[in-house]
Amino acid sequence: MFVHNKRLQYTVRVAGPNPGLANLMLEQFGGPQGELAAAMRYFTQGLAEDDAGRKDMLMDIATEELSHLEIIGSIVGMLNKGAKGRIAEGVEEESELYRSLTGAGNDSHITQVLYGGGTALINSGGIPWTAAYVDSIGEPTADLRSNIAAEARAKIVYERLINVTDDPGIKDALKFLMTREIAHQKSFEKALHSMQPNFPNGKLPPEPQYASVYYNMSQGEGDLRGSWNQGPEWEFVESPQPAVDGGDGLATVELPKGEKKVVEQMAKRTMSDPTVDPLTGADLGAGAALTKKG
């Protein structure tokens, strides 16, 4: 059961309308790193979670993310207040109104004309929110790592938004939201390491002959060695050649006798003749090529 409290989790003070900034803020409303995506990611993980502690944590954080969505949505609404009134009531001449919309930058005219200055579930580029942003796989050791990365990405977006506004009230609210991303990262990491072992992900063990091998697949200037590919736990393969399993690297399939005959018949029918140099439509269009052929 959800019960909504009409007060925001954090007090928001906006100095004045700014449609361009409002449009940028939509990145954290309906964008891939935004608050709705986070809320849906953790909410659906929590519904499927069997561990009581992780379930409680995920539902707490999912609900807080909805509170953050409300904060961002409130900021967007306040930043669009003036423009929303102007475009709804038509108080300006057409040319002035058009300039006020397009001059705001960041495609803010899209959100104002199409959505009336409201908080549409889109990102700052006008792309609608999609459940594809939720990348849960249903395995806690994988999902918690994904959650940690998602919170880190959201923190970076908040940093960038802080850097593009001089409104002290908005900066203050964004710093709160940014800081909560850090708190959530810590909770997810604590939960991850409360499961031991938590690596590798899932149940099946790796194939030992490949688990600690580093293949130098991109060779040339810039090759570097470090803890990620050298040391007692690593076997470094300087020039890996197909196939690393010792086979010939070719793909094969065992076909039933009847299917094999049909496949061979098709291959024969569609076989290329490397000795033929046909006159093509491109040759005809080129003109000079036709002369050469002739």
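Here the structure is shown first, and the text comes after it.
Below is a summary of the structure that appears in this document.

## Some points on the overall build of the protein chain
Point 1. Along its length, the protein chain carries 13 helices and two strands.
Point 2. Of all 294 residues assigned to the protein chain, the portion counted as buried reaches 31%.
Point 3. Within the structure as shown, the protein chain displays about 18800 Å² of accessible surface, and the carbon and sulfur contribution to it stands at 56%.

## What about unusual backbone geometry?
Point 1. Residue Pro200 is reached from Phe199 by a cis peptide bond, and omega for that bond is 0 degrees.
Point 2. Tracing the backbone through its elements, the reader meets Pro200 in the loop between α9 (168–193) and α10 (208–211).
Point 3. Omega for the peptide link from Pro242 to Ala243 comes to -10 degrees, which places this bond in the cis form.
Point 4. Structurally, Ala243 is set in the loop between β2 (235–237) and α11 (257–269).

## Some points on the side chain of Thr141
Point 1. With respect to the helices and strands, the residue Thr141 is situated in helix α8 (residues 140–163).
Point 2. Among the polar contacts listed, one links the side chain of Thr141 to the side chain of Asn201, at a separation of 3.3 Å.
Point 3. With residues near it in sequence (within four places) discarded, Thr141 still touches Leu192, Met195, Asn198, Asn201 and Gly202.

## Thoughts on the nonpolar core
Point 1. Among the nonpolar cores identified, the biggest contains 25 residues, and Met25, Ile75 and Leu174 are the most heavily contacted of them.
Point 2. Looking at this core, the elements with two or more residues in it are α1 (19–25), α4 (52–79), α8 and α9.
Point 3. Discounting chain neighbours no more than four positions away, the residues touching Ile75 are Val12, Met25, Ile170 and Ala173.
Point 4. By size, the runner-up hydrophobic cluster in this structure holds 13 residues, among which are Ala62, Ala150, Ala191 and Met195.

## Topic: empty space enclosed by the protein
Point 1. Applying the stated rule across the entire model yields one cavity of 30 Å³ or more.
Point 2. Elements with a minimum of two residues in the lining of the largest cavity: α3 (35–48) and α8.
Point 3. Each residue belonging to the lining of the largest cavity can be placed in one class, and the counts come to six nonpolar, two polar and four charged.

## Quick look at the packing of α4 against α9
Point 1. α9 packs onto α4 with a crossing angle of 165 degrees between their chain directions and a minimal axis gap of 12 Å. For the element pair α4 / α9, the angle class is roughly antiparallel. Helix-helix and strand crossings are classified by hand; for α4 and α9 the assignment is left-handed. Residue-level contacts link Met57, Leu58, Ile61, Glu64, Glu65, His68, Ile71, Ile72, Ile75 and Leu79 of α4 to Ile170, Ala173, Leu174, Phe176, Leu177, Arg180, Glu181, His184, Ser187, Phe188 and Ala191 of α9.

## Here's the deal with the packing of α8 against α9
Point 1. Contact geometry for α8 and α9: axes closest at 9 Å, N-to-C directions at 165 degrees. When the interaxial angle is binned, α8 and α9 end up roughly antiparallel. You can see that α8 and α9 cross each other, and the crossing is left-handed.
Point 2. Taken together, the residues that form the contact of α8 with α9 break down as 14 nonpolar, four polar and nine charged.

About the criteria used
Residues numbered from 1 in each chain as written. Predicted model: local features only at pLDDT ≥ 70, side-chain atom pairs only at ≥ 80, totals over all residues. Heavy atoms only, no water. Helix = DSSP H or I, 4+ residues; strand = E, 2+ residues; numbered from the N terminus. Buried < 20%, exposed > 50% of the residue type's maximum accessible area, 1.4 Å probe, protein only. Areas by Shrake-Rupley, 256 points an atom, 1.4 Å probe, with all protein chains shown as cover. Polar contact = N/O pair within 3.5 Å; in protein donor to acceptor, adjacent residues only side chain to side chain. Contact = heavy atoms within 4.5 Å. Core = buried A, V, L, I, M, F, W, Y, C linked by side-chain atoms within 4.5 Å. 1 Å grid on protein atoms, 1.4 Å probe; cavity = no way out; pocket = protein on both sides within 12 Å on 5 of 7 lines; lining within 4 Å. Points joined across faces, edges and corners; volume = space filled by probe spheres on them. Nonpolar A, V, L, I, M, F, W, Y, C, P; charged D, E, K, R; others polar. Axes fitted to C-alpha atoms, helices over the stretch in contact; angles between N-to-C directions. Parallel < 35°, antiparallel > 145°, perpendicular 65-115°, else oblique. Left-handed = near helix turned anticlockwise from the far one by under 90°.

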